[in-house]
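# Survey of secondary and tertiary structure
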Amino acid sequence: MPSWIQHFGSKAQGAVRVGSNAGLADGEVIVIGNKTFEWDNNAAVTPGNILVTIGASEAASITNLIAAITANPPSVPVSAHVDAIDNKVARLVATAIGALSNVVFTTTMANPANIIAPTGGNLSG
């Protein structure tokens, strides 16, 4: 998986793409700062994690992820929205600028069709 950061002005940006909805596994997580979002298909998640329902399609799963992030913002807030070109992509943009936008951004999504970038790094600007 790629490990890179894009900077747009002085706000950091990352993205999550679901390229294979069938490749999303129950229990896989995305960590954004102090929040852990867990993909789920049986209404049972690890205590303390935020449930993100695996939807009927890639776009539905991304919509569910965005709703979970919006309802449960990390301590270093990010905005989440559907990409204007690809509805299977969630764009994450730090709401603060500069060092205030530094936030850990990692995942356990194992299917190579499902991409999160940056991986194992920070959104930093």
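It should be noted that the structure appears before, not after, this text.
This report concerns the structure included in the present document. (Residues numbered from 1 in each chain as written. Predicted model: local features only at pLDDT ≥ 70, side-chain atom pairs only at ≥ 80, totals over all residues. Heavy atoms only, no water.)

### Quick notes on the environment of Thr-53
Residue placement: Thr-53 occurs in strand 5 (residues 50-53). We classify Thr-53 as partly exposed; its relative accessible area is 37%. Spatially, the C-alpha atom of Thr-53 lies 5.8 Å from that of Trp-39, the residues being 14 residues apart in sequence. In this view, Thr-53 contacts Trp-39, Asp-40, Ser-61 and Asn-64; residues no more than four positions away in its chain are not counted. (Helix = DSSP H or I, 4+ residues; strand = E, 2+ residues; numbered from the N terminus. Buried < 20%, exposed > 50% of the residue type's maximum accessible area, 1.4 Å probe, protein only. Contact = heavy atoms within 4.5 Å.)

### Regarding the pairing of strand 6 (residues 78-82)
Both strand 6 and strand 7 (residues 89-94) contribute to a ladder of five bridges, which runs antiparallel. By the bridge assignment for strand 7, Ser-79 is matched with Val-93. The hairpin turn running from strand 6 into strand 7, its antiparallel successor, is six residues long. (Pairing = 2+ DSSP bridges.)

### Overview of the nonpolar core
Ranked by size, the top nonpolar core spans 23 residues in total, and within it Val-16, Ile-30, Ile-32, Phe-37, Trp-39, Leu-65 and Ile-69 carry the most contacts. Contributing elements (two or more residues each) for this core: strand 2 (11-18), strand 3 (29-32), strand 4 (35-40), strand 5, helix 1 (58-71), strand 6, strand 7 and strand 8 (103-107). Sorting elements by how many residues they give to this core places helix 1 first, with five residues. Not counting the four nearest positions on each side in its chain, Ile-69 is found in contact with Ile-32, Phe-37, Val-78, Ala-80 and Leu-92. (Core = buried A, V, L, I, M, F, W, Y, C linked by side-chain atoms within 4.5 Å.)

### A look at the side chain of Asp-40
Within the secondary structure, Asp-40 sits in strand 4. Nearest to the buried, unbridged Asp-40 among oppositely charged side chains is Lys-35, at 18 Å. In terms of polar contacts, Asp-40 uses its side chain to reach the backbone amide nitrogen of Asn-42, at 3.3 Å. A distance of 2.5 Å separates the side chain of Asp-40 from the backbone nitrogen of Ala-43, its partner in a polar contact. Among all residues touching Asp-40, those that are not within four sequence positions of it are Asp-26, Val-45, Leu-51, Val-52, Thr-53 and Ile-54. (Lys, Arg positive; Asp, Glu negative; His and termini not counted. Salt bridge = Lys/Arg side-chain N within 4 Å of Asp/Glu carboxyl O. Polar contact = N/O pair within 3.5 Å; in protein donor to acceptor, adjacent residues only side chain to side chain.)

Nothing here speaks to function; it is all geometry.
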